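If you want the building blocks of each chain, they are given just below.
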Amino acid sequence: MTVFIFAFVVMLLVVAGMAVGVIVQKKPLKGSCGGLNNLGMKQNCAICGGDDEACEKEQQRQLKIAVAENIAYDATKCK
């Protein structure tokens with residue numbers, strides 16, 4: 001049982017060390033060298049067709065729609 005506890009503590013220290021490293025570097029996280037682009041699947045995206053700028057524009061458009069529709073309502077005004 002002590003081996004499992006020791007392994008768990010070591011893994012927690014490793015994860016905490018990586019988190020501190022990311023915080024200290026103050027750089028945004030970015031993807032690895034793998035992913036959809038290297039698999040050739042990015043071009044098949046129905047929304048952007050592989051264009052990152054089109055994806056960003058679509059996200060902004062969706063955000064504007066959500067804000068304009070005012071998704072939430074005031075429950076205190078219900079009868």
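It should be emphasised that the depicted structure is a prediction, and the values quoted were computed from it without experimental measurement. (Residues numbered from 1 in each chain as written. Predicted model: local features only at pLDDT ≥ 70, side-chain atom pairs only at ≥ 80, totals over all residues. Heavy atoms only, no water.)

### Overview of the overall build of the protein chain
- When helices and strands are counted, the protein chain shows 3 helices and 0 strands.
- The proportion of buried residues among the 79 residues of the protein chain is 3%.
- Of the roughly 7600 Å² that the protein chain leaves accessible, carbon and sulfur atoms contribute 66%. (Helix = DSSP H or I, 4+ residues; strand = E, 2+ residues; numbered from the N terminus. Buried < 20%, exposed > 50% of the residue type's maximum accessible area, 1.4 Å probe, protein only. Areas by Shrake-Rupley, 256 points an atom, 1.4 Å probe, with all protein chains shown as cover.)

### Details of helix α1 (residues 2-25)
- An ideal rise of 1.5 Å per residue puts 34 Å on 24 residues; α1 measures up with 35 Å between its terminal C-alpha atoms.
- Note on α1: the residue one or two positions beyond its end, Lys26, has a positive phi of about 55°. (Expected span 1.5 Å × (residues − 1).)

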